[in-house]
Amino acid sequence: MGFILYEEGNFDSRVAFPTVMQGYGVRLDIRNVEYKAFDDGPGDKMKEGDMAADWNDVGHHPEQPARNEYLGGVNLHTILERLQVDNTKPLVSDLNALQTGAIRSHSFQLGSESIIPPAWQRRSLSMQAARLIVSSPDPLQALKGVSQNLPSVAHSLSTIMVDESFEVLAENATKLATKVGAVTVGWGDAAFGFYVNAREVNIERPSFNVFQLLKILREEDLTLRKLEDNVRPALKKAALVLGRKDMKGNSVEWPALQSVRKMMDMGAQKVIELGKGRDVSSSNVSNENDGLEEKQETQTYRIDVGRGGKNAVLYLNDIEKDPEYRSWPTSMQELLYRAQFGGAPTVRRNLFTMMLVVDPASGNPNPAIDAIAQLLNAQFPLRVGVLIVNEDDAAKGQLSELPPWDNGDRPFHAKDSFLLLKHITNTYGGMVAISCLLQNLHEVSQMDESYSAKEFVDAHTSLLVQMGVLQQTHVSKVQNEFLNILKTGEESVKDESKSKNKDLSYESAVRFAKEKLIRPGMSFFNGIPLPTTAANFESKINTILQNEQSMIFDLAMKGVIKDHTPKSIYATLLSGEKCFKQYHPLLDESTGKYLLAPRSDESSLMLVSPQTSDYSNVDAFFVVEAVVDLDDPTGIEAASSFLTVIISSARDSWHDSTVVTLAARVVVSAGDSVSSTSQAMGSLFCDASLFDVEDLKTVVNHIKATKDVEVNANLFDRVEGLSKSVRRKMAEVVTAGRQCPSTTVNDEKYLYTANGRVYVPSESPLITLEDIKMLINLELDKTVAVSKSILPNLTSNSATNDKSLAGRVIHHAIGTSVATLNDAFSSATKSEGASSALSTDLAFSQIDKEANPLYFSWNGDVATENLQVEVSVILDPLTEPTQRVAPLLLAIRDVLKLPLRLIIAPRHVVDNDVPLSSYYRFVADPLASASNPPKAKFENLPTNHLLTLRMDVPEPWDVQQAYGIQDADNLRCDAQFGCGDEGYILARDGSGHGGSKPTKDLVELTQIDYSLKSLLLFGQCYDVSKNTPPNGLQLALDRMSLGDSLETKVDEFTVEADGSIGSNANISKSTDHADTLVMKTAGYFQLRSDPGVWSLRIEEKSRGSEIYHLVDGIVTSSGQISPAKTSIARKSKTLVVKDFTSPFRVLLVKRKKGFEKAKLYLDEPEPKVDENSSNETVHVFSLATGHAYERLLKIMMLSVTKRTSSPVKFWLFENFLSPSFKSSATFMAEQIGCEVEFVTYKWPEWLRGQSEKQRIIWGYKILFLDVLFPLDVKKIIYVDADQVVRGDLTELWNLDLNGAPYGYTPFCDSREETLGYQFWRTGFWQTHLRGKPYHISALYVVDLERFRRELVGDKLRAIYQQLSADPNSLANLDQDLPNYAQHDVRIFSLPQKWLWCESWCSDETKADAMTIDLCNNPEHKEAKITMAKRIISGDLFEESWEELDEMVKNFDEDFNNRLR
């Protein structure tokens, strides 16, 4: 059918080197035309109704090679192979004759090759396809043949019998697909999952890119190499020491290595579940017996901020005791009842507690404040506690001395707020106190200067008056009372027996904050720490709320929470393994930081736990490392502190219920200078196993105390407390000078790790016992899982008697394994998949491989000494992703020869969600060469159907048609001349004009070529000042020339064989340019580019350049915006386009000082007076597909240019235009005096796509008007291709739209006989429009400046995304969408004269028409060309349609003559 050509070369010389591309798909759809849209050339032999051709004149020629394809569901080539007797191969002529005879045996075969069975016969089609595939000698070839030729084989498939036992196996396979999460959204819950080492790869359009798949394969292979390089030596040493040998006496580390590899494939979450002792062999990983166990996918930690806070935390309300909640039900059954109907859990129990830590005097807002207000307003049963402390007081653990009272003029302090809020709670109630607190925190955060104590009191009395709890006449008395409380520092209460919170004190609050290591700005929901910044706070709190409610419901269902027990639900929640006594900085890390450093061997390990010969009762083995700078005295002190903690910890239990052993290591921090101290101590710590930890500590303390700078072999004679033998041994080690690898993370000189988990102390480089315990707790579950899996594969009954060596090799092997796994899990490229799903490896292991015909495995038994990348696939045979993946599976099996596992999981019943009307080819041929370039090749296609071609290319590729004789939108056969290009030419030109070649000798070949014109740059743009997209921000992209300053030095590029681009091509000196807008959805932007170095910036002449500048930073996988700490303001960002995958780019912008609240678009900009407005260019937009519409489009262009008094420039949507049209239309434009430019845009992946070509075109017509044209185009007029213009479009161009972003013409209602077809007059549309007119979309004018300023594009896309979820909505997408949205986006109704259509407008109004549209007539179907000739003729027209058509043909003929 054709191929994609990409040109890459030396830009300076403009010499292009063509590269024939792979990695794309081609789809041939059987077109379901509503009315004839064919070009009617003089030689066209297939007129309307002339469909009963003599099919014996076309088809497979006997002299052509046999085709190894399915015909009607049967592969004739395979049949002949089975007929071989005594190894006698059939003659090629016999094969040709049999195949040709099968085709010509009856006219029904060719005429009905694509007969689609009725719906009742299609119900078992997926099951029947699976039955055929598993019966084939090569299932992958059969899968490819069936899935890619479904229209031709569907009828035959429907006759295949499927027995009941096969249906049971298929149902089990489908259930298994559900467990692994392999369900293709949008394909009727059909199974599809593609996994590389259990890493899911998205094969679905448009995100799939074969180059991305190759990249993933390389990444996974590198991961396995890294795993082997790091883990295998440690496992081998452990197996050797522990006596694990095979019959030949060799070390056998392979089972242990396989265990580590399996856990890597499982993913972090499954390993954690395994460590918890849960069954991960099913998709339900929750433990029914766990009362309080977390069910969230990620680890949830709680801080016990309840115990110890009795006299510190001020609880402002109590759901169980306060009278405000007296009417609430107390029964937990009521909670369960409400949960069933989605109601709020409003029962009278303290189910949810939020504690705020605030310093009202600081002015720093706490993001939880708004959440509290919203939850309380929604009647959510939230108990609010507040810990009021000053930042410095909390850090020191004691109250700072306050300034003198000075009649209340001193700055108010956190203690003032504490005392006042306590008094208000006791006097006016908790709800009043909550209101005062929230309002006060909000007001202080908005102030430039802080309150005085007196102003603070005045603000509170004013609030009390506003709330109606304090009368104006009592204000003075209450103010004095408040001031006295703040002055004396205590509350005066007449009857202390009635006072609540009487034991509360600010001093207790300070001590509590110090003990729990919490600071102002923090907040906790049922002990779970909440984000301290506004970024992602809302999404995080919503997730926590949902999870906590789910957990409370579960506890109520299980009877853990009853009507009156437990007494304190809060205390019950603040318990368990994942609840910590105090906060720790490590808990701020959502995913954790990990270090896989170049590791020493076990000689550097110091065993901390008691040595034993039996480690079977140990649950987890940890290696704790201290990375310190021994060139610095601080590093010596840090090493001393670490050894002290390690020695003291030998007597400590690391976990309450888990047996944990520990080995320690000191590693020298990587640095530029290496002193004698660093070298000597580095050698000592490298062989630390030779010495007692106490002796090493003694040496370090000596250096610390004496500041001895001469650290060498003689040092140890000066160290007191060492025996002679130890001194001698240390001297020998230092003299030998063995050094272990140094390491660091982000240039940090001091850090600590536990099995790879990193902790960098923020204040002091010294570590505490609690720090180590926290590290161990965070990594405990994974380490337990690895320890339990590996140890049985290392130990034996003939273990060494050296307990110390055994302990070290075990700790080294397991510590290295866990660290390596952590490194893999934390990799940005490593996908975890759905954590609730069953791991792929476990899923495939549950299949009975011998007895199940739906399971296939290849290359798995190939002998190898290394770990191999494994590909696992589970699929339904009848889906679009299966069409794409089938040839890839063949390449993986036969060329890459990777282990491949496949499960066919057919649906029992299919609806209308199989690609029954599409032939498909995916171009991925690893064996292609220059003489046999890769191409999409279709054979044995139906000859009685109209076909339309659609390209299926990776999202970053801008692919346009480069060559094609036939109409790719209307591929059809001619009854006399057949289906190829030669026959098409004869049919178009007439039998005598195209040549003398006999019909029987015509080559049945249609060739269509496409070219890769550009690579698209996609990205997200965020305003870090507000953590939101700056939607509407104008961006510009310019190619950097050799003279530009490069932030990244890149000299040359070359396209490599795998699609990557190396360094062998000069940077272009051209000034290529593209611009666009940032969309509201995810800050999305899209720009066209090609390989090279580009500069991305804010458009210089836009208002955005006044408000914003660029900053460095990233957006994390969880969506959190993270600006770089040392980011500086930039004018541009350098981007390198270097391969065919085009990774998503992130652009962060920040508001300039003084523009913090500036609007990106002014409400109404000052009108610009253009002195040359009378000669202003009129910009016209249109699109078309197919030769017939291209013909109509040229006629429209000619009529517009003839009738318009101003210069005209046409903007034509390029995606669907043929190359011949683009060339000839450009030539015609030069002749008639107008301009033509082609525009394109790629449908974003996040915006719901359309599958039918016509609906795709409709979408492009309306959804991307804000980004489709250059930003300097201020207005556009859209004119349908099938219109002829009678009036001057300058009049429409200058028409005042009265402030609307666009203007459309309402549908005519003057033709009475068709009024009944106007659906908008009744039902839904009548109700929705509420008296507004329904407009036609064949012509409209858009004020692009207002359209962009009012963000209309974002509004339309949002409405489209909502409505298109229902496939039955937006029947006329380009028309229904703006009409539906006109309550949000106003439409200016153009005068009726601007569009006349015979179907809806009366003949009497035709004379006034400015444009004539060939719209559909609902009463009868008529071909466009026939309609045009009839309607556009007569006295009303200066030229008839046929005359205009003749002019266009003359231009085309002139153009073709010039080519000759």
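About the criteria used
Residues numbered from 1 in each chain as written. Predicted model: local features only at pLDDT ≥ 70, side-chain atom pairs only at ≥ 80, totals over all residues. Heavy atoms only, no water. Helix = DSSP H or I, 4+ residues; strand = E, 2+ residues; numbered from the N terminus. Buried < 20%, exposed > 50% of the residue type's maximum accessible area, 1.4 Å probe, protein only. Contact = heavy atoms within 4.5 Å. Areas by Shrake-Rupley, 256 points an atom, 1.4 Å probe, with all protein chains shown as cover. Pairing = 2+ DSSP bridges. Axes fitted to C-alpha atoms, helices over the stretch in contact; angles between N-to-C directions. Salt bridge = Lys/Arg side-chain N within 4 Å of Asp/Glu carboxyl O. pLDDT = per-residue confidence, 0-100. Disulfide = S-S within 2.5 Å.

### Some thoughts on the overall build of the chain
Phase 1: In terms of helices and strands, the chain carries 42 helices and 48 strands.
Phase 2: Here the chain holds 1460 residues, and 55% of them are scored as buried.
Phase 3: Sequence separation of at least 24 residues holds for 79% of the intrachain contacts in the chain that already meet a minimum separation of 6.
Phase 4: Accessible surface, the chain: about 64000 Å² in total, of which carbon and sulfur atoms supply 48%.

### Overview of the sheet that holds strand β28 (residues 1034-1039)
Phase 1: A sheet is described by the order of its strands in space; here four strands give the open sequence β31-β28-β33-β37, paired in antiparallel fashion. With partners counted over all chains shown, the strands left at the sheet margins are β31 (1073-1077) and β37 (1132-1137), one partner each. Sheet twist, expressed as the mean angle between neighbouring strand axes with direction ignored, is 25°.
Phase 2: Where β28 and β31 come together, five bridges link them in antiparallel fashion. Bridge pairing links Gln1034 to Leu1077 in β31.

### What about unusual backbone geometry?
Phase 1: Cis geometry is found at the peptide bond from Thr565 to Pro566, where omega equals -10°.
Phase 2: Mapped onto the fold, Pro566 is located in the loop between α20 (537-557) and α21 (569-573).
Phase 3: Here Ala1082, not a glycine, exhibits a phi torsion of approximately 55°, which is positive.
Phase 4: Structurally, the position occupied by Ala1082 is in the loop between β31 and β32 (1084-1089).
Phase 5: The class of Ala1082 is partly exposed, set by a relative accessible area of 31%.

### Details of the pattern of salt bridges
Phase 1: One pass over the full model with this rule turns up 61 salt bridges.
Phase 2: Of the charged contacts in the structure, one is a salt bridge between Asp221 and Arg225, with a shortest N-O distance of 2.7 Å. Placement of the pair is Asp221 and Arg225 together in helix α9 (residues 210-241), with a separation of four residues, close to one helical turn.
Phase 3: Where Arg1430 meets Glu1422, a salt bridge forms, and the shortest distance between an N and an O atom there is 3.0 Å.
Phase 4: For Glu1422, a relative accessible area of 16% corresponds to the buried category.
Phase 5: Ionic contacts of the salt-bridge type, sharing partners, join the residues Asp221, Arg225, Glu228, Arg232 and Glu253 into one network.

### Re the confidence of the model for the chain
Phase 1: Per-residue pLDDT for the chain averages 81, and the proportion of residues at 70 or more is 81%.
Phase 2: Contacts of residues 493-498 to residues separated by more than four positions or lying in other chains number two contacts, the stretch itself having pLDDT below 50.

### Overview of the state of the cysteines
Phase 1: This model, assessed by the stated rule, comprises four disulfides.
Phase 2: Cys973 shares a disulfide with Cys979; S-S distance 1.8 Å. Judged by the sign of its S-S torsion, about 105°, the cystine formed by Cys973 and Cys979 is right-handed. Each member of the pair Cys973 and Cys979 is classed as buried.
Phase 3: Between the sulfur of Cys1308 and that of Cys1401 lies a disulfide, 1.9 Å long from S to S. Here the disulfide of Cys1308 and Cys1401 is right-handed, its torsion about the S-S bond being about 80°. Taken together, the residues span a long stretch of sequence, with Cys1308 in the loop between β44 (1302-1306) and α37 (1323-1329) and Cys1401 in the loop between β47 (1396-1397) and β48 (1411-1413) at a distance of 93 residues.
Phase 4: Residue Cys1308 is classed as buried on the basis of its relative accessible area, which comes to 6%.

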